[in-house]
Amino acid sequence: MAKTAKYNFKFGYLARGNNVEVKYMTINDALDYAIKLGPVCVGFTTYKNDDYNKVQQVNFKNAKSSTVHANKSGNEHQYQTYLKPTYRVVDGYLEHGYNIEIKKMSINEAKGYALLLPRCTGFTFKQEKDLDKKVMIWFKQDITKVYDSKDGQ
């Protein structure tokens, strides 16, 4: 089952068009599938439905659709949206220890992979401008402090 706590749930919809894919599946399956689509997918929109196991149309959206628009009153269709968490990049490094995994992959791949790790609260890497270049990534849990990179690391 998907880790729904990693998503931001909102009533409303992501802009029409801008679909990465449109599929028919359950919300539970869509939560997992959005992660597999990687960073190109920011989340998905479905019709409002409290049954996570009912098959329905799911619209997976790209980054051009990052604003959730309010449902229109009186409209027969009400929508709900699940957004992937966003990442904040800061100069510095995460505290030593608390490593869940250390892997070589691109930063873009790491963004999706971090969502699959149940205890992961972030990751750190040596500065790299090319987000598709493979680098060592340290996946962390229980992050409490980001240290300034001028502190000798």
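See the structure shown above.
Residues numbered from 1 in each chain as written. Predicted model: local features only at pLDDT ≥ 70, side-chain atom pairs only at ≥ 80, totals over all residues. Heavy atoms only, no water.

Account for the packing of aromatic side chains, naming residues and giving values.
Summed over the entire model, instances satisfying the criterion amount to 10 aromatic pairs. For the pair F44 and Y82, a centre-to-centre distance of 5.0 Å together with 20 degrees between the ring planes defines the contact as stacked. You can see F44 sitting in strand 4 (residues 43–47) and its partner Y82 sitting in strand 7 (residues 79–83), a full 38 residues away along the chain. With relative accessibility at 0%, the residue F44 sits in the buried group. On the accessibility criterion, Y82 (3% relative accessible area) is buried. Judged by centre distance (5.7 Å) and plane angle (50 degrees), the rings of F123 and F139 are tilted. Of the two residues, F123 sits in strand 10 (residues 122–125) while F139 sits in strand 11 (residues 134–140), which places them 16 residues apart along the sequence. Like F123, the residue F139 is buried in the burial classification. Through successive ring pairs, a cluster of aromatic residues spans F9, F11, Y33, F44, Y52, F60 and Y82. (Phe/Tyr/Trp six-rings, centres within 6.5 Å; stacked < 30°, edge-to-face > 60°. Helix = DSSP H or I, 4+ residues; strand = E, 2+ residues; numbered from the N terminus. Buried < 20%, exposed > 50% of the residue type's maximum accessible area, 1.4 Å probe, protein only.)

Can you break down the nonpolar core residue by residue, with the values?
By size, the foremost hydrophobic cluster in this structure holds 14 residues, and its most contacted members are Y7, F44 and F60. Elements represented by at least two residues in this core include exactly helix 1 (27–36) and strand 5 (56–61). If one sorts the elements of this core by residue count, helix 1 sits on top with five residues. Residues contacting F44, with those up to four places away along its chain left out, are Y7, L14, I27, A30, L31, A34, V58, N59, F60, Q80, T81 and Y82. M105, I107, A110 and F123 belong to the second largest nonpolar core, which has 10 residues in total. (Core = buried A, V, L, I, M, F, W, Y, C linked by side-chain atoms within 4.5 Å. Contact = heavy atoms within 4.5 Å.)

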